[in-house]
Amino acid sequence: MTDQSLIFDEDLIRRYNQSGPRYTSYPTAIQFNEQFGTDDYLRQVEMSNTNKHPLSLYFHIPFCDTVCFYCGCNKIATKDRTKAGPYLEHVFGEIELQAKLFNRDKQVTQLHWGGGTPTFISHEQMAALMAKTRQQFNLAPDNEGEYSIEIDPREIGADTIAFLRELGFNRMSLGVQDFEHDVQKAVNRVQSEAQTRNAIKAARDAGFYSVSFDLIYGLPHQTSDTFARTLDKVLELSPDRISVFNYAHLPEVFKPQRRINVEDLPGPDVKLAILKMAIDVLTQAGYVYIGMDHFAKPDDELARAQREGTLYRNFQGYSTHADCDLIGFGVTSIGMVADCYVQSLKTLDSYYPLIEQNQLPIYRGLVLTAEDKLRREVITQLICHFYLSKKVIEQAFNIVFDETFAGELSRLQALQSDGLVILSKDAIQVAPAGKLLIRNICMIFDRYLSGDTTQRYSKVI
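Here the structure is a predicted model, which means the values were calculated and not measured. (Residues numbered from 1 in each chain as written. Predicted model: local features only at pLDDT ≥ 70, side-chain atom pairs only at ≥ 80, totals over all residues. Heavy atoms only, no water.)

Undergrad: Honestly, the overall build of the chain in this entry has me stumped. Any pointers?
TA: A tally of helices and strands in the chain yields 16 helices and 20 strands. Taken over C-alpha atoms, the radius of gyration comes to 22 Å for the chain, in line with the 23 Å a tight globule of 461 residues would show. Counting the 461 residues in the chain, one finds 57% classified as buried. Once local pairs closer than 6 in sequence are excluded, the contacts in the chain between residues at least 24 apart make up 75%. (Helix = DSSP H or I, 4+ residues; strand = E, 2+ residues; numbered from the N terminus. Rg over C-alpha atoms; globule rule 2.2 N^0.38 Å. Buried < 20%, exposed > 50% of the residue type's maximum accessible area, 1.4 Å probe, protein only. Contact = heavy atoms within 4.5 Å.)

And the structure:
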């Protein structure tokens, strides 16, 4: 059973706060290459069809009515809702292309609509997309499947939330970020408390199983006091899960961030104080730290999965469905089928023509080597459970752990001296003080990391 205790050690955080991957995959997307093509993907699909793994489907809806200045997602900011129609028609074509490849008896146990803003599309378009999905794939009943959607409380009402539940969605993620008006204005996302409160009430009235809030610390004008007020309001609404993300200011990578006044951003000391306060408030309120910015109520399925050793991590974050093959639909979506990762083309201008020619819109991908799969499992165990059994890895991969990872174990000695990990003959245990720095620990096992990582990754804290 995973130890879910946590210690905030400010000295350790300051010393180890470097840039590094978030490990929603290993190898990370930086290693994907354009030599990976349709033939490579089809070989992986054949492998998938020989196993009994269920499917997970991800649909990317890239449109947003307004642009949030902090956002680093792939999105298209537009007021023109008519753009959604042609996009969905092409997604329908992609659904047909993918569905033909997979055995019909492979059940879909997980489905997610992300963006962008999935609620940008109309009720009729939502219904059509779900109907097309059900027609082409074998979806599990909604009391067995995990069907989630990201919503923007500013643009939908209780009727839309009830409609989403009727369509089969049973989990919902709400973008909140911060309740302070000055912060909202600075990042171009003004969202009233009433809009958020009404959304979560509607979700509960409609029978959603789980509601998650996304918060961000490190935004303009934030202080410990202002963010504490936001947390008080969040706790009053009592979501099942809360994500507290670190804002990474990378204006050279994400153009909308250039509209944020750098002078208004909290400094490193203030950010650390906000994070410490948030951890204290949430854990004292009974939330469990899952890892990587995520908190959940003790009876939430993520917390249970972590305690039971079945938690998993993929491109949507932490998951309870470890055995799924993931198919991505729409621009820039990422899939994970058998032993490969595959990413779709990133622009409508490149995506549309291939769909019209009945071709898969593959942009790039990667076939994992045996070593990739070994290291992925090591990183997954550490980032999900803060514990790794050497014997389990040895039996699964037919290795002698201490010999294969002699160099990594040597490098971990320094982290053990600093109190981040506990090394033993049989296991690697992440100490309570090391959990906030889990990315640093995982980076020890990443054979692709080299040189300066500041231009490619956010800070770990």
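Undergrad: What is the right way to read the packing of aromatic side chains from this model?
TA: Think of a pair of aromatic rings as described by two things: how far the centres are apart, and how the planes are tilted against each other in angle. Counted under the stated rule, the structure contains 15 aromatic pairs. Consider the rings of Tyr-23 and Tyr-26, whose centres lie 6.5 Å apart with planes at 45 degrees: the pair is tilted. Ring geometry for Trp-113 against Phe-169: centres 4.7 Å apart, planes inclined by 75 degrees, an arrangement best described as edge-to-face. Remark: Phe-169 occurs in the loop between helix H5 (158–167) and strand S7 (171–177) and Trp-113 occurs in strand S4 (residues 107–115); sequence separation between them is 56 residues. A single burial state applies to Trp-113 and to Phe-169, both of which are buried. Every member of this aromatic cluster is reached through a ring pair, and the members are Phe-63, Tyr-87, Phe-120, Tyr-351 and Tyr-352. Above the ring of Tyr-209, the side-chain terminus of Arg-165 is found at 5.2 Å from the ring centroid. (Phe/Tyr/Trp six-rings, centres within 6.5 Å; stacked < 30°, edge-to-face > 60°. Lys NZ or Arg CZ within 6 Å of the ring centre and 35° of its normal.)

Undergrad: Before we go on, may I ask you to explain the packing of helix H3 (residues 84–99) against helix H4 (residues 123–136) in this structure?
TA: Axes are the key here: two packed helices are described by the angle between their axes and the distance separating the axes. Close contact between H3 and H4 brings their axes to 10 Å; oriented N to C, the two are set at 10 degrees. When the axes of H3 and H4 are compared, the pair comes out roughly parallel. Mapping the contact onto sequence places Ala-84, Gly-85, Leu-88, Val-91, Phe-92, Ile-95, Glu-96 and Ala-99 in H3 and Gln-125, Ala-128, Leu-129, Lys-132, Thr-133 and Gln-136 in H4. The residue inventory of the contact of H3 with H4, partitioned by class, reads eight nonpolar, four polar and two charged. (Axes fitted to C-alpha atoms, helices over the stretch in contact; angles between N-to-C directions. Parallel < 35°, antiparallel > 145°, perpendicular 65-115°, else oblique. Nonpolar A, V, L, I, M, F, W, Y, C, P; charged D, E, K, R; others polar.)

Undergrad: What is the right way to look at the side chain of Thr-119 in this model?
TA: With respect to the helices, strands and loops of the structure, Thr-119 is situated in the loop between S4 and H4. A distance of 3.3 Å separates the side chain of Thr-119 from the side chain of Glu-155, its partner in a polar contact. Contact partners of Thr-119, with chain neighbours within four places excluded, come to Arg-81, Met-126, Ile-149, Glu-150, Ile-151, Asp-152, Glu-155, Ile-156 and Leu-164. (Polar contact = N/O pair within 3.5 Å; in protein donor to acceptor, adjacent residues only side chain to side chain.)

Undergrad: Is there a simple way to think about the environment of Asn-33 in this case?
TA: Inspection of the secondary structure assignment puts Asn-33 in the loop between helix H1 (10–16) and helix H2 (38–50). Considered as a pair, Asn-33 and His-294 are 261 residues apart in the sequence and their alpha carbons are 30 Å apart. Look past the residues within four positions of Asn-33 in its chain and what remains in contact with it is Arg-364, Gly-365 and Leu-366. Of the polar contacts made by the side chain of Asn-33, one reaches the backbone nitrogen of Phe-36; its length is 3.1 Å.

Undergrad: How should the side chain of Thr-226 be read in this particular structure?
TA: Position of Thr-226 relative to the elements: it lies in helix H8 (residues 224–237). Judged by relative accessible area, which is 12%, Thr-226 ranks as buried. Here Thr-223 takes part through its backbone nitrogen, which lies 2.9 Å from a polar atom of the side chain of Thr-226. In this structure, Thr-226 is in contact with Glu-180 and His-221, ignoring residues within four places of it in sequence.

Undergrad: What is the right way to look at empty space enclosed by the protein in this model?
TA: Over the atoms rolls a probe the size of a water molecule, and its path tells where empty space is left. Counted by the stated rule, this structure contains five cavities of 30 Å³ or more. Its boundaries defined by the atoms lining it, the largest cavity holds a volume of some 130 Å³. Considering the residues around the largest cavity, the lining is formed by 15 residues, among which Tyr-289, Asp-293, Leu-436, Val-460 and Ile-461 are closest to the centre. Looking at the lining of the largest cavity, the elements that each hand over two or more residues are strand S9 (241–246), helix H9 (268–284) and helix H16 (438–443). Residues that form the lining of the largest cavity fall into these classes: eleven nonpolar, one polar and three charged. (1 Å grid on protein atoms, 1.4 Å probe; cavity = no way out; pocket = protein on both sides within 12 Å on 5 of 7 lines; lining within 4 Å. Points joined across faces, edges and corners; volume = space filled by probe spheres on them.)

Undergrad: How should H3 be read in this particular structure?
TA: What sets the pattern is the α-helix's 3.6 residues per turn: residues three or four places apart point alike. The end-to-end C-alpha distance of H3 is 22 Å, a good match for the 22 Å that 16 residues give at a rise of 1.5 Å each. If you check which residues of H3 are buried, you get Ala-84, Tyr-87, Leu-88, His-90, Val-91, Phe-92, Gly-93, Glu-94, Ile-95, Leu-97, Gln-98 and Ala-99. (Expected span 1.5 Å × (residues − 1).)

Undergrad: Could you clarify how one ought to interpret the pattern of salt bridges in this entry?
TA: Oppositely charged side chains can form a pair if their charged atoms are brought close together. With the rule as written, the count across this model stands at 27 salt bridges. Between Asp-152 and Arg-154 there is a salt bridge, and its shortest N-O distance comes to 2.8 Å. The class for Arg-154 is partly exposed, based on a relative accessible area of 23%. Through salt bridges with shared partners, one network takes in Glu-371, Asp-372, Arg-375, Glu-408 and Arg-447. (Salt bridge = Lys/Arg side-chain N within 4 Å of Asp/Glu carboxyl O.)

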